[in-house]
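Read off the chains here:
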Amino acid sequence: MAQDISVDGGRLLSRLDRFAAIGATPRGGVNRQALTSGDREARALLASLGRERGFALRQDAAANLFLRREGANASLPPLLLGSHLDTQPTGGRFDGALGILAGLEVLETLEDAGVSTPRAVELVAWTNEEGSRFAPGAMGSRAFADETLPESWLEARAPDGARLGDELAQTLRALPDVPLAPLGARVASYLELHIEQGPILEREGLPIGVVSGIQGTRWLEVTLEGASAHAGTTPLAFRRDPMMAATAALAALQADVMPRDSDARLTVGRIKAEPGSINAIPERVRFTLDLRHPSQERLDEMDALVRTVCEREAERARCGLHVRLLNDMAPSAFPEAMLALAEAACTKAGLANRRIVSGAFHDALFLARKAPALMLFTPCRDGISHNEAEHVEPRFCVSGATALLETTLAVLCSL
Ligand code: HGY
Ligand code: MN
Ligand code: MN
Ligand code: MN
């Protein structure tokens, strides 16, 4: 197979600008949440770019969108490149999009050079990786890996009230000439390029991280039920105030979990009081918890601590308590053989690299259930992500795509 082909950095960077314009925010970020019109617009652009190059298109019941460049033997399972097009509400230009456009760059570079690969190379845009509009995250890749789309997901409601099933149907209809394929397919191997979303690579001056594994993630929704009453006339002894329970519980958890364990992550991203009137004690307070840890055992302990503390504070405030599990992703490791292949390919391409554990979850977590998977990271400025200021130097976007191309070629030869 080809040895001296290289990506077209100018094409990649201009594509990143084109996609960043879809859902662009005034502060230079991107708001292209899953299954919104912006997401549909980005999918349509990706489909048209694939069609222009003669790549075969298909989408599955989870609206995962596939572009396929044929190989010598169509009966062999493809090598799959992927990431996601959906973003956080105040997301950046690179989280997800860099992996998609670097993957497209690999397919186009192979096409430009007329390289015949032994098997097909495909690019997939997974649906709803972020999970911030509809939980859980990594919905499309999870449905693909498990070959099922749970009914309960279709009934999920976004904060704006939209029903996931309706949004999904609208998204599929938005690409009427893209054939529908069965959910799930054989995959020989999966590669994903993504920004690190942390500070390590930049701090060490490295262009590439070879991801050895992904830490565990668990999302909980805690609902405290009290009694609404007048803010002015109700003395303490007569209150059943869920906000007192919530703030006491969160203060206790924030004082304990992360200060005691530097690997632990506890984040309250969303909190809402109902009815939300300035002069009424709330009837209900609902908040989310995003828990992360590299160790399954510690993640379980954090989960148990959350429940114990919330029960204690709910009882103190004479409130009801309901804890709902929204997302559960066990810590995972990628195969040693894949890491070694990636390290050798990147080093041969002159790209210094190191192994790194991902603090963020990714679609590769679920693809690892179906095939040998690996991820490559690029540095991002100050390690900032899930923030409109997210930035990756152009040279690191190009070196990331180069690493993905070289690793793709190496994996194809190893299969
Ligand atoms: O939350 C995550 O880890 C992913 O980036 N959506
Ligand atoms: Mn991402
Ligand atoms: Mn993200
Ligand atoms: Mn991710």
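Thresholds applied
Residues numbered from 1 in each chain as written. Chains lettered and ligands numbered in written order. Predicted model: local features only at pLDDT ≥ 70, side-chain atom pairs only at ≥ 80, totals over all residues. Heavy atoms only, no water. UniProt positions renumbered as here; feature names shortened; annotations may be inferred. Helix = DSSP H or I, 4+ residues; strand = E, 2+ residues; numbered from the N terminus. Donors = N, O, S within 2.8 Å, 3.2 Å for Na, K, Ca; no water. Core = buried A, V, L, I, M, F, W, Y, C linked by side-chain atoms within 4.5 Å. Buried < 20%, exposed > 50% of the residue type's maximum accessible area, 1.4 Å probe, protein only. Domains from an automatic or database assignment. Contact = heavy atoms within 4.5 Å. Near = heavy atom within 4 Å. Areas by Shrake-Rupley, 256 points an atom, 1.4 Å probe, with all protein chains shown as cover. Nonpolar A, V, L, I, M, F, W, Y, C, P; charged D, E, K, R; others polar. Lys, Arg positive; Asp, Glu negative; His and termini not counted. Salt bridge = Lys/Arg side-chain N within 4 Å of Asp/Glu carboxyl O. Polar contact = N/O pair within 3.5 Å; in protein donor to acceptor, adjacent residues only side chain to side chain. Axes fitted to C-alpha atoms, helices over the stretch in contact; angles between N-to-C directions. Parallel < 35°, antiparallel > 145°, perpendicular 65-115°, else oblique. Left-handed = near helix turned anticlockwise from the far one by under 90°.

The protein chain goes by Allantoate amidohydrolase in an unreviewed UniProt entry, where it is assigned to Aureimonas ureilytica.

Asker: Could you give an account of the UniProt feature "domain: Peptidase M20 dimerisation" (unreviewed entry) in the protein chain, naming the residues involved and the relevant values?
Answerer: Residues given the UniProt feature "domain: Peptidase M20 dimerisation" (unreviewed entry) here are residues 214–316. Overall, residues 214–316 shows 39% helix and 31% strand. The separation of its end C-alpha atoms is 38 Å.

Asker: Quick rundown of the coordination of the manganese ion (ligand 3)? Include the residues and the values.
Answerer: Under ideal tetrahedral coordination, the four donors around a metal are separated by 109.5 degrees; under ideal octahedral coordination, the six donors are separated by 90 or 180 degrees. The protein atoms donating to the manganese ion (ligand 3) are Asp95 (OD), Glu130 (OE), Glu130 (OE) and His386 (NE2), with metal-donor distances spanning 2.1 to 2.6 Å. The sequence pattern describing where the donors of the manganese ion (ligand 3) fall on their chain is D-x34-E-x255-H. The two metals, the manganese ion (ligand 3) and the manganese ion (ligand 2), are separated by 3.4 Å and share Asp95 as a common coordinating residue. Here Glu130 is found in the loop between β4 (121–126) and α4 (139–146), whereas its partner His386 is found in the loop between β17 (373–378) and α12 (394–414), with 256 residues between them in sequence.

Asker: Describe the nonpolar core, naming the residues involved and giving the relevant values.
Answerer: Judged by nonpolar contacts, the single largest core of 83 residues is most densely connected at Leu46, Leu67, Leu81 and Leu376. If you tally residues by element for this core, the top one is α12, at nine residues. Shared between two domains, this core holds at least three residues of each, these being domain 1 (9–214 + 331–414) and domain 2 (216–329). With sequence-adjacent residues up to four places away left out, Leu46 is seen in contact with Phe19, Leu65, Leu67, Leu85, Ile100, Leu104, Leu123 and Ala125. Among the nonpolar cores identified, the runner-up in size contains 24 residues, and Ala245, Ala246, Leu250 and Val285 belong to it.

Asker: Describe the site of ligand 1, listing the residues and the values that go with them.
Answerer: What surrounds ligand 1 is the set Glu129, Glu130, Gln197, Arg292, Ala360, Phe361 and His386. Protein contacts shield 95% of the accessible area of ligand 1, which totals 210 Å² for the unbound molecule. In terms of residue class, the shell around ligand 1 is built from two nonpolar, two polar and three charged.

Asker: So, the coordination of the manganese ion (ligand 2): which residues are in play, and what are the values?
Answerer: Those protein atoms acting as donors to the manganese ion (ligand 2) are His84 (NE2), Asp95 (OD) and His194 (NE2), and they sit at 2.0 to 2.2 Å. A residue is classified by how much of its surface remains accessible, and His194, at 1% relative accessible area, is buried.

Asker: Tell me about the side chain of Asp86, and name the residues and values.
Answerer: Following the sequence through the fold, Asp86 ends up in the loop between β3 (79–84) and α3 (97–112). In this structure, Asp86 is buried with no salt-bridge partner, the nearest side chain bearing the opposite charge being Arg32 at 7.8 Å. Among the polar contacts listed, one links the side chain of Asp86 to the backbone nitrogen of Glu129, at a separation of 3.0 Å. If we skip the residues at most four places from it in the chain, Asp86 touches Arg32, Gln33, Ala34, Asp39, Asp95, Trp126, Asn128, Glu129 and Glu130.

Asker: So what about the UniProt feature "binding site: Zn(2+) 2" (unreviewed entry) in the protein chain? Which residues, and what values?
Answerer: Cross-referencing UniProt, the feature "binding site: Zn(2+) 2" (unreviewed entry) maps to Asp95, Glu130 and His386 in the present numbering. Spanning 292 residues, the named residues form one tight spatial group whose C-alpha atoms are at most 9.8 Å apart. Its location among the elements puts Asp95 in the loop between β3 and α3. Apart from the residues lying within four places of it in its own chain, the contact partners of Asp95 are His84, Asp86, Glu130, His194, Ile195, Gln197, Ser385, His386 and Glu390. Side chain to side chain, Asp95 and His84 meet in a polar contact 3.0 Å long. Setting aside its immediate chain neighbours within four residues, Glu130 contacts His84, Asp86, Thr87, Gln88, Asp95, Gly137, Trp219, Phe361 and His386.

Asker: Which residues make up the packing of α3 against α12, and what are the values?
Answerer: The geometry of α3 relative to α12 is characterised by a closest axis approach of 9 Å and an angle of 55 degrees between their N-to-C directions. Looking at the two axes, α3 sits oblique to α12. When you trace α3 past α12, the crossing you get is right-handed. Listed contacts from α12 to Leu98, Ala102, Gly103, Val106, Thr109 and Leu110 of α3 are Cys397, Ala401, Leu404, Leu405, Thr408 and Leu409. Across the contact of α3 with α12, the residue classes break down as nine nonpolar, three polar and no charged.

Asker: Tell me about the packing of helix α1 (residues 9–20) against α12, and please be specific about residues and values.
Answerer: At their nearest, the axes of α1 and α12 sit 10 Å apart, and the two run at 115 degrees to each other. The angle between α1 and α12 falls in the class roughly perpendicular. Of the two elements, α1 crosses α12, and the hand of that crossing is right-handed. Contacts from Gly9, Leu12, Leu13 and Leu16 of α1 reach α12 at Pro394, Cys397, Val398 and Ala401. For the contact of α1 with α12, the class distribution of residues is seven nonpolar, one polar and no charged.

Asker: Let's hear about the pattern of salt bridges: which residues, and what values?
Answerer: The tally for this structure, following the rule as stated, stands at 37 salt bridges. A salt bridge links Arg218 to Asp303, with the nearest nitrogen and oxygen atoms 2.9 Å apart. Within this pair, whereas Arg218 is found in strand β8 (residues 216–225), its partner Asp303 is found in helix α9 (residues 296–316), the two being separated by 85 residues in sequence. Take Arg218: its relative accessible area is 7%, and that puts it in the buried class. Given a relative accessible area of 6%, Asp303 falls into the buried group. Here Asp256 and Arg260 are joined by a salt bridge, their closest N and O atoms 3.0 Å apart. In this pair, Asp256 and Arg260 are both assigned in helix α8 (residues 242–260), four residues apart and thus about one turn of the helix distant. Several salt bridges converge on common partners, so that one network encompasses Arg11, Arg15, Arg53, Glu105, Glu108 and Asp112.

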